[in-house]
Structure formats: structure tokens, C-alpha cells
Amino acid sequence: MKIEEIKELVDFILSKQVEEFEIEVEGLRLKLVKPKPEVKVVEAAQLPASQALSQEPRKEESEEKVHYITAPMIGTFYRAPDPSSPPFVKEGDHVNKGDVVCIIEAMKLMNEVEADVSGVIKEVLVENAQPVEFGQKLFAIIPDND
Amino acid sequence: MKIEEIKELVDFILSKQVEEFEIEVEGLRLKLVKPKPEVKVVEAAQLPASQALSQEPRKEESEEKVHYITAPMIGTFYRAPDPSSPPFVKEGDHVNKGDVVCIIEAMKLMNEVEADVSGVIKEVLVENAQPVEFGQKLFAIIPDND
Amino acid sequence: MIKKLLIANRGEIALRIMASAKELGIKTVVVFSEADRDSMPVQLADEAYCIGPAKPQDSYLNMAAVMSAAEISGADAIHPGYGFLSENPRFAEIVEAEGLIFVGPSPQHIKLMGDKQRARRTMEELGVPVLPGSEGVVTRVGEARRIAEKIGYPIILKAVAGGGGRGMRIINSPAELEENFKTAQREAYLAFNSQDLYIEKYIERAHHVEVQIIGDGERVIAVGDRECSMQRRHQKIVEEAPSPFISQQTREKMLTTVERAAERLGLRSLVTFEFLVDEDENFYFIEANTRIQVEHPITEQVTGLDLVKEQILIASGEKLSFSREDVKPFGHAIEARINAEDPRSFAPSPGRIQFLFLPGGNGIRVDTAVFQGYEIPPFYDSMIAKLIAYGRNREEALHKLEVALHHTSIVGVKTNLPLLLSLLKSPQFRSGNYTTRFLEEEFIW
Amino acid sequence: MIKKLLIANRGEIALRIMASAKELGIKTVVVFSEADRDSMPVQLADEAYCIGPAKPQDSYLNMAAVMSAAEISGADAIHPGYGFLSENPRFAEIVEAEGLIFVGPSPQHIKLMGDKQRARRTMEELGVPVLPGSEGVVTRVGEARRIAEKIGYPIILKAVAGGGGRGMRIINSPAELEENFKTAQREAYLAFNSQDLYIEKYIERAHHVEVQIIGDGERVIAVGDRECSMQRRHQKIVEEAPSPFISQQTREKMLTTVERAAERLGLRSLVTFEFLVDEDENFYFIEANTRIQVEHPITEQVTGLDLVKEQILIASGEKLSFSREDVKPFGHAIEARINAEDPRSFAPSPGRIQFLFLPGGNGIRVDTAVFQGYEIPPFYDSMIAKLIAYGRNREEALHKLEVALHHTSIVGVKTNLPLLLSLLKSPQFRSGNYTTRFLEEEFIW
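Rules behind the numbers
- Residues numbered from 1 in each chain as written.
- Chains lettered and ligands numbered in written order.
- Predicted model: local features only at pLDDT ≥ 70, side-chain atom pairs only at ≥ 80, totals over all residues.
- Heavy atoms only, no water.
- Helix = DSSP H or I, 4+ residues; strand = E, 2+ residues; numbered from the N terminus.
- Rg over C-alpha atoms; globule rule 2.2 N^0.38 Å.
- Contact = heavy atoms within 4.5 Å.
- Areas by Shrake-Rupley, 256 points an atom, 1.4 Å probe, with all protein chains shown as cover.
- Lys, Arg positive; Asp, Glu negative; His and termini not counted.
- Charge placed at Lys NZ, Arg CZ, Asp CG, Glu CD.
- pLDDT = per-residue confidence, 0-100.
- Buried area = accessible area lost by both parts, 1.4 Å probe.
- Salt bridge = Lys/Arg side-chain N within 4 Å of Asp/Glu carboxyl O.
- Polar contact = N/O pair within 3.5 Å; in protein donor to acceptor, adjacent residues only side chain to side chain.
- Nonpolar A, V, L, I, M, F, W, Y, C, P; charged D, E, K, R; others polar.
- Buried < 20%, exposed > 50% of the residue type's maximum accessible area, 1.4 Å probe, protein only.
- Least-squares fit on C-alpha atoms with pLDDT ≥ 70 in both.
- Pairing = 2+ DSSP bridges.
- Expected span 1.5 Å × (residues − 1).
- 1 Å grid on protein atoms, 1.4 Å probe; cavity = no way out; pocket = protein on both sides within 12 Å on 5 of 7 lines; lining within 4 Å.
- Points joined across faces, edges and corners; volume = space filled by probe spheres on them.
- Domains from an automatic or database assignment.
- Core = buried A, V, L, I, M, F, W, Y, C linked by side-chain atoms within 4.5 Å.
- Phe/Tyr/Trp six-rings, centres within 6.5 Å; stacked < 30°, edge-to-face > 60°.

1. Remarks on the overall build of chain C
Working step 1: Assigned secondary structure in chain C consists of 15 helices and 20 strands.
Working step 2: Rg of the C-alpha trace for chain C: 22 Å, near the compact-globule value of 22 Å for 445 residues, within the 12% margin.
Working step 3: Expressed as a percentage of contacts within chain C between residues at least 6 apart in sequence, the contacts between residues at least 24 apart total 66%.
Working step 4: Taken as a whole, chain C presents about 16,000 Å² of accessible surface, with 47% of it coming from carbon and sulfur.
Working step 5: Positive and negative charge centroids in chain C, built from 52 and 62 side chains respectively, lie 1 Å apart.

2. Overview of the confidence of the model for chain A
Working step 1: On average, residues of chain A score 78 in pLDDT, and 77% of them are at 70 or above.
Working step 2: Scored below 50 in pLDDT, residues 37-62 of chain A makes 41 contacts in the model with residues more than four places away or belonging to other chains.

3. Regarding the interface of chain D and chain C
Working step 1: On the chain C side, the residues contacting the 38 residues of chain D number 38 residues.
Working step 2: The contact between chain D and chain C buries some 3,000 Å² in all, and 56% of this surface belongs to carbon and sulfur atoms.
Working step 3: Where chain D meets chain C, there are eight salt bridges.
Working step 4: Our count for the chain D to chain C interface comes out at 21 residue pairs in polar contact (both at pLDDT 80 or more).
Working step 5: Contributing elements (two or more residues each) for the side of chain D that touches chain C: helix H1 (11-23), helix H2 (40-44), helix H11 (307-315), strand S16 (355-357), strand S17 (364-368) and helix H12 (394-406) of chain D.
Working step 6: The dominant element in the side of chain D that touches chain C, judged by the number of residues it contributes, is H1 of chain D, at six residues.
Working step 7: Considered class by class, the residues forming the side of chain D that touches chain C number 16 nonpolar, ten polar and twelve charged.

4. Focus: the pattern of salt bridges
Working step 1: Taken as a whole and assessed by the stated rule, the structure comprises 81 salt bridges over all chains.
Working step 2: The salt bridge partner of Arg-392 of chain D is Glu-396 of chain D, with a shortest N-O separation of 3.8 Å.
Working step 3: The buried category is assigned to Glu-396 of chain D, whose relative accessible area is 5%.
Working step 4: Each of Arg-16, Glu-23, Glu-300, Asp-306, Lys-309, Glu-310, Arg-365 and Asp-367 of chain C together with Arg-392, Glu-396 and Lys-400 of chain D takes part in a single network of salt bridges with overlapping partners.

5. Notes on the relation of the copies chain D and chain C
Working step 1: Laying chain D over chain C is done by rotating through 180° and shifting 0.0 Å along the axis; what remains is an RMSD of 0.0 Å. Taken together, the rotation and translation describe the operation of a two-fold axis.
Working step 2: In this assembly, 100% of the residues forming the interface of chain D have copies in chain C that are likewise at the interface, indicating an isologous arrangement.

6. Focus: the pairing of strand S10 (residues 220-232) of chain D
Across a regular strand the side chains alternate sides, sitting on one face of the sheet and then on the other.
Residues and elements named next belong to chain D.
Working step 1: For S10, the tally of buried residues reaches twelve of 13 residues, placing the bulk of the element in the interior.
Working step 2: As defined by bridge partners, strand S9 (residues 207-216) adjoins S10 across seven bridges and the pair is classed as antiparallel. Paired with Ile-213 across the bridge in S10 is Ala-222.
Working step 3: Two successive antiparallel strands, S9 and S10, enclose a turn made up of three residues, where Gly-217 displays a positive phi of approximately 95°.
Working step 4: The sheet contact formed by S10 and strand S11 (residues 235-241) spans four bridges and is antiparallel. Note on S11: the bridge partner recorded for Arg-232 is Gln-235.
Working step 5: Following S10, the chain reverses through two residues before pairing antiparallel with S11; Arg-233 in that reversal takes a positive phi of roughly 50°.

7. Re helix H8 (residues 174-192) of chain C
Residues and elements named next belong to chain C.
Working step 1: Along its 19 residues, H8 runs 26 Å from first to last C-alpha, staying within 8% of the 27 Å computed at 1.5 Å per residue.
Working step 2: Taken as a whole, H8 has its buried residues at Leu-177, Asn-180, Phe-181, Ala-184, Gln-185, Ala-188 and Phe-192.
Working step 3: Immediately downstream of H8, the backbone of Asn-193 shows phi near 65°, a positive value.

8. A few points about empty space enclosed by the protein
Working step 1: The tally for this structure, following the rule as stated, stands at three cavities of 30 Å³ or more.
Working step 2: By volume, the largest cavity amounts to about 590 Å³.
Working step 3: Taken together, 38 residues line the largest cavity, and the ones lying closest to its centre are Val-366 and Thr-368 of chain C together with Leu-358, Pro-359 and Gly-360 of chain D.
Working step 4: Contributions of two or more residues to the lining of the largest cavity are made by helix H1 (11-23), strand S16 (355-357) and strand S17 (364-368) of chain C together with S16, S17 and H12 of chain D.

9. Thoughts on the domain arrangement of chain A
Working step 1: In terms of domain boundaries, chain A breaks down into domain 1 (3-33) and domain 2 (63-143).
Working step 2: On a C-alpha basis, the centroid separation for the pair domain 1 of chain A and domain 2 of chain A is 36 Å.

10. Concerning the nonpolar core
Working step 1: The biggest cluster of nonpolar side chains holds 83 residues, and the ones touching the most others in it are Leu-5, Met-230 and Leu-405 of chain C.
Working step 2: Look past the residues within four positions of Leu-5 of chain C in its chain and what remains in contact with it is Ile-17, Ala-21, Ile-26, Lys-27, Thr-28, Val-29, Ala-77, Ile-78, His-79, Val-103 and Ile-312 of chain C.
Working step 3: Listed in part, the 82 residues of the second largest apolar core include Ala-340, Ala-404, Leu-423 and Tyr-434 of chain D.

11. Quick notes on the packing of aromatic side chains
Working step 1: Applying the stated rule across the entire model yields 28 aromatic pairs over all chains.
Working step 2: Centre to centre, the rings of Tyr-60 of chain D and Phe-84 of chain D are 4.9 Å apart; their planes meet at 25°, and the pair counts as stacked. One end of the pair, Tyr-60 of chain D, is in the loop between strand S3 (47-52) and helix H3 (63-73); the other, Phe-84 of chain D, is in the loop between strand S4 (77-79) and helix H4 (89-97), and 24 residues separate them in sequence.
Working step 3: Joined through ring pairs, the aromatic side chains of Tyr-60, Phe-84, Phe-379 and Tyr-380 of chain C make up one cluster.

Right under this line is the structure:
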């Protein structure tokens, strides 16, 4: 195992809800103990429920500031105004605040969703024509530095 | 085992209701402990019950080492062998291990209770002729320094 | 048969409906607000969709969002529970227009019962006694005076668009009428955007007794009555089935009268007819609720029926599974509503439940969705659990409820448990003869 | 009437007894071991006394300590619950000798039923069918062979001092008898300090059906039957009332037979008569339990009776409060015992409950003393809750129980919930025709 791989593994473990981690594999022995958080105590009682309930992927935010455009309503997510058109935005595109980034169809009404910040689309988080809940993350966007 | 496989395994375990995980198989040993913020919480949750339940006075123990002689059975506590006799011990008395310090009457049987350490009686915690529970503190005693 | 039921509600009633649906092999979908993400209904449903922020207007009252969730999930029916959209005829219409089943009466019936004056006239035409009063809207004080003289004081001025106890004014004399009529009109306009008033005879010592019916559109069965006089600001707090006040004769008369009228209307689903009963056991229709009631469990306990299950079956197009003769109420049931509120000031007490123990055992039923560690959100009703006690007679039910309340432990939020215990101990409650004024005006603790 | 009742037990049954006592206005005292200091019975009783360390021998089985607590508290009666001292005739004698009321049958009856061979003979004399077998103790293999030839193989060798499924050996042929007789004697001696054996006909496909009686010393009423064939190592796990296997005719015959015999014996309090029922519905008495049973709630649900309350009233000297005609069982009830154990290995799983949600609503009764944060001690039985579902028929009860199990959430310890859910889904359980061998030998999941 190369040092890069070890770093990757350590980063990976640190990004998880893990308190202690030990591994021995192919000549590697690694032990990792995270400091114990103190603040979260109150939330903890809810923990079993929350864990089971959470329907959003627990994506780990990297160092760079990421902003999410979320669904303003429940409905079906469309990346383009109609099936034959290209998507409003794709990864790597720069959008300005107010640009339409997708459509959410609800009750046969097409609702345009606008970017609420300017920046570069880092990731499109929902597949085209998929249902989305209220508040669901649709796009990860790296805001411009002002 | 590749790092991707390790990651997959870790993710899998974390997705489960697992608190601790250890495996040793074909050259791999892996241990993983999830954070347990519950510890405090659960105790806090129990607190109302415990508070309500606790039947012993929450005496503040002072710095000096205090030992308690507790009731070895449920019954009625008597400080003297009979109503006309003086008490076996009183506050300030020195007792040796094995000295009879009181009687507990249960089912018409008189059970002598002996000191389980040598020392000075600091406080008699129960009134004469009062019922005592199993394990209830009867005498506070400051053990001799050996 | 319904295949997938969307439950457009939260809390204990969402779980209650879910249980009956699952029992029938129906898949369940719940919609939830952001405040309810960690709730039991969300955890226990087959599917759950967040439909908006915590505020009811933005989520549980947001028809478009509920309908979108129905579309996305492929639900073929919607159960509205109680409150929220349950008595909104427009919502029922939309549901049906989208080709889905609305678990409730027809939109027309919801609309009819929603218009208090029209409901009153219709019931009168169908032979159900209503309070003496004006034929319709009263616009001038002179007209009001003539009606008041005919029916006798005290009277009550009611806003046509009011309801649930709001927009009412009690008048004891011609002088008071003169003084209050215009003010009442103005108030009604400000509160409900309509100054229309009507007049009813006011009964000073009234019992609130209601009759539960279930209909399949053809046949209607009145399954029993409930005493709901224990209330504060028109919020019921303790309910009993059957009413300990009315005689068997009055009971039979009420049930038959309601059953006949409801059948002539062709009512479907669960509907509750609320009555005022005076001290001579004369009963007068006030209004009808076209939805499952909070207090439905006490009727279930004395009849052995599962009202929600029947309601879903009927919505699926089935006919009533039982006959009038199958309903043989036995024993007595009392429900106590446990609210997270200050028992003296009645101020809501949202927050986290730090310790919870709920009672069980012989004769005890608990309907709740809360758990230890649950954060009661401040956006909704303060009711967190219903304790229902059943006994072979009223005395037994009362004692069982009292013990059950003693064996209930809720730490972390204030609750009305002390009030409930005091109420149960009061001689007037024990006597079974208490009016709607008891809790607010007579009870001292 | 009893004024102060000491409950010499723990867990759910302590709470269950406490509720009935409080309902009758009786003060309650519990005794507890050091391991149970933070338990709900201790918190909810009027008085609570620690009587010893965690180990049952030192606390709940310590007669002197229990009697001391009774003396100190001034209790005038003791309820032993089930297990622990409940079927110890010596304890019942001591209680009565001290001038206190023992809530149970007379010490003589407890003693009679504790001697399995004597109980069997007595029942036979009273006209209750028992399994063909030896008249008394069989000491030699030759005698055993003659009896076996008369009643036919397979037979079962039982230790007179055994019980609860221990000290038994099934014999299929004369050769096996020859081979096993002495070994069985030796084993009996090692296990129970007595080598006495007796012989019974062995029924290969047997149902375990029991009859609940209640008597006041003069009159006895058989209040119903229960199917308890779903068991593992003689530990029941799911029980139903009434038995789905036996016909109404057999039921009536069993109840009448038991009722008559129990009345001739002059039985007092609650007693359960256990039977083996073969495939042709022949029933044979095995033993009688002289205490409240774990599964008593299913009988309560279908009859509307409160058995513990009746038991306390009878102990207080009252006569039965109802007649044979008042007992009109209706509907069906099923109980599932939730155990803190590994569902595969059945290894107990003590520990702290980190999250708990128990179901409620229509038809669901929960009997438990646990709560979120509770530490299940390793010293006692692993049963932590009983879920009881009631329906108008078996189908409905079964579906309600299934939903209730789905709506149960216990985190922190292993439980048998997965096993219970699989069992309920199995075609054989659904059919209602399963024998005592089903769970151990036939059920695959």
C-alpha cells in the first residue's frame, strides 16, 4: 500500500461516522481514534431514528465551499425544457444568479428553477425525469468569489 | 484487498445498525467503533426515573474516605440487644472488624450485624427500630489507616 | 381495492391510518414537512416524501404538493386524516378529478356540511331537530328582535362563515341585542370576510353529544354516540362512549334519527353529527364533521369495529361489512387527550421528550407517534397521545384510565396530565353529568 | 378487602398486578433486587423495598426477605405473579401462617398440582382424560415393558420430580426401552435427586391447548381455552385464544370437563389446565398451573374480563363477580412474546435499550415494563414485552399483530422480532393447524 493510498484511506475514514478504526491487512496495521465530540449530545437520542430515516446521501463536502440548489417543491425533475432540447446546464457550466437550471413538473405545471447564486456547476445530483422531494439537493455549485 | 474494497466494506458496515465491528478473515483484521454519543444521552433520559427512584439521601461525601456498613438483609434495625441496654455503638466509638454494631430483626429472628472494617463510627444513619432495606447504609465509618 | 394509499397527515392519526392500510395489504405513502423528517410515520411508511417547510400552509395544506407526491408515488387514493385538508371540498374535488380515490364523503357532502346554515336547514328538512332560530341570514336588528322574541332569550348570534366556536356572541336581553348586533356583524366581516349572521336559541346548560355514522352511499349505520362535553374553547379533552348523561331511550331516538337522515342523503364514509342536548334530553343538531374524528377509538373499543379499516374498504368501493344487528356496543370507553401544554395556562410546550413511559395492560389502548428523544415541533397541534381505557362499565373504565394516567411518565415537556387526573377525580365528572361549561367555568383545581 | 398488596415479582407482571390493585383502591408494595432498582414497578408502586442482590435465589426467591418486607410495609396480602415463588406451596403456607392472604389457590392445591403424578391420578378420578400410562412409579424395566405393550409405542419416560419439559425421554420400541430405562433413572436421580420414573403414552403430533379456570372455592368457571403449541423447549412464544385447531364441540367438552373437576376440588383463584390434543381431537390432561399465566391477556381480550382483578377480589374473600352466562367470548386474540435474545441462536441479549417504539391503535394491547434507556439485566427471563392483537376473527387478529410487529422498533439489544414476523407469515401458522413440534422441527426460515 502506497502512502497515497494510506492518505486516501485515512481521509475516507475521517469523513465517516467512525470513532475507532483498526485494520490489519497485507502487512499494514493501522489504528485510528477520532477525538470524541461533546456538543452533539442532544441530537444523539434521535440518532437511531435519524439514521434510519435520512433519505439523502451523506455526501462529504470537500474543503472548497459548495452551495446546493435545492428543489423548491416536490415534483419531477427535468434538465431540459423538452425531450429534444439540450439540458439547461451541465457540469462545468457557469451560471448566473437567476438563470434557469432545471424544471420541476408538478400537477402538470412546469416550474422553472433558477440558480440562487452565481457559480460553476460542480455536479448534477439528480437524474433527468426523476421525482424529487421538497428540499432535495439538485445541483452542487461552486459559488464565484466576490 | 484493495482500498476500494476496504471503503466498500466500511460503508456497508456504517449503513447498518452496528456499534462495534470486528472481523478477522484471510489475512484481514478490521475493527470499527462508531461514535457513542448515546452514553450521556441515555443516562440523561433515565435521569428522571433515577431521581424519582432513588430512596437514599444524596449526601455529599466529604474528602475523607468513608466506608459504609450496609444492611445484609431487609428487616428492622435495632441499635441495642434489648430496649433496656445501651446501643452497641455510638458516634465517635472505635470498632474493630467483627464487632457487633447492630441487630436486624427479620421474621422474628435477631440477626447480628458485624463491622466489616475497623474504624471510627462517624455517623449512625438509621433511627432505632426503623425498617431497613437490603443494601441500605446503616453506619458511616472512617476506616483506620493501616 | 386501493393499492397504494397516500396519507396526507402526520402524528398519531397518520400511524393509525397506516396500520389499517397495511392490515389490508395496501402500500402506504406519507407526505411530511421538513419539521417531521424524523417522525415515526415517515420511518414506518413504505414511502415518504417531503412536501415543504414546517408551516402547515407550505406543506400539509399545500394541495399542489400533496397531489405531486401522489403522482410521483403512484398512489391511487388519499386519506386526509383529520384537520389540514380533511374537510376541504376543493381538495376532495381535485383528488377525484385526478382520478384518485378520496377517502371520505363526496365533495358535495363535504361542501354541504361545511356551510353551517345550509347543513342546519338540510337536517331540519330531513327530520333532525335543530335549534330554534332564524330561517336564514339576518341582516337587520329589527328582524333579529322579532326572532328573539319568538324563540325566547338567551339567543346566540353566529357568523355563517364561522365555526369551531369562533364568531359567536351570547345575547340575554333585547337591550343587549340592540347593543351588540352591529358589532357582531362588523366582527364577522373582519374575521371571516362576510358579515352574515344567523340566530339560534342559546342553551345554557348543554351537553355535547355526537353520533358516529358510517355509510357506503346506500346503507348507513349509526354505530354509537359519544359524550364530548369536557372541552375548553371548543377543544375536547376527555370523551366517553356511550354518553353517561342521555337515557337509552334518547340514545335510540338520536341514532335512529341520524341514521335515517344520513341514509336519505346517501352519505358515504365516516361522518359525525354533533348535537347539543339540554337538561331535558332534547337534542339539537349543530354541525356534522365529514372525516375521522380524534375520538373515534372510544367507539371502536365499545363496538369492536375498526372504523378506519371500514372507511378504507368503503372508499375502495366495498359495501359495509356488517349490519345494524352486528353492532352490539358493550361496556364503556373513555379517552383522555395528552397535550404538551402547561396544564394551567394551556400554553403549548414544544420541546424534546427526555423520558417516556406509556401505560398498557388490561383495557388500555394508546394511540401515539411520539417516542423518547422526539422533538415536539411548535408548528402543529399540541396533542401527543391519546389514552383510551375500556371497562365492562363506566366505573371500571374510569378507574382504569385513572391508573393508566398515574402510570404515564413524560419528562422534558409540560403536559396536561395533572389536569386530566384532577378532572377524573372531580365529583362532577364521576357523576357523569357535566355540561360544556364545566371545565371552563365550574371546575376548580 | 385487601388493603395493601405486596407484589413479589418484577417486570411486566408486577406492573400488570399493580394496575389491577390500584384500580381496586389497594395500596401497592413491590420488593426488588438490586438489579431492579431503576425499574418501572419500583417507581410506580406506593412503596418499594430492596430485598437482596440480583441473583433470584438471594432476592425474589428469598422467602424470609419477602416476608420481612411484608411485615415492615404492613401489607396484608402477597401476590406472587408467575415464576419465582408463585407455585411454591411452602411459601403459600408461610404467608397464610403469618396471617396474610396469599393471592392464589390454597397451599394444598398448589402442592397437589406440583406433584405431577398425583395431579394426574386426581384428575383421572375426577373424570378428566389423562394419557394412558403407569399407575404410579415404575421401578423395573420388566414392569415398564408390560405397560408399554399395553398402551403401545411410542411411550415417554418421565421423571416424577421433573417438569417444564425436563426429565423426559421418548421410547419407540422394546429395544430402546431396554437400552434407556436405567440411564433415564440415573439421569433423573442426578437432576432431581430422585430416580422415580413414570410412563405415559407419547403423542407424536400433539397440540398444546390449555383451559383457564377461575374459582372462588365454591363455584368454578372455565373462561376459555388457549392454543399454546408454538413453543421452543417448552417455552411458549405465540399464543392464541380460542384455539384455532379444536372444534366447538371439543372446546365445550374440554371446558365442561375441567369446570366440573375443578369445582369438585373446590379450586380457588386462577388455575390453568394444560392438555395435549391429538389429531383426532382427543385431549389428555398433562398438568395444572396454579398461578396467573404469562398469556392471560389473550383470554382477557376475547372475554372482556380482568382476570387479575377477579383474582384479587376472590383472594379478598369475594365471590365470583360474574356467571357462566356472562362469559361470551367474541373474536380472536393472539399474543407474541418479545424476547431480548438472538433470534437464531436464542442466546439471551441483555443490555441497554437505546431506542424504543411500541405500537398501539385499534386492537393492540402492550404489556411491558421496559423503556428507552432501560438496561435489561442478565439475571432474569429474557421476555421484555407482550404484544397482544385482538380482531373480530383470527384473520383480523393475525393481520393486526403482523402490522404491530412491523411498527415495533427496539434498538440496542437483539430481539426475536424477525423470528416472530417469519412465524406469522408461515403457511402452517396461518392455517391454524400446527403442533408443538412445528417451531423446533418443521419451521425453516
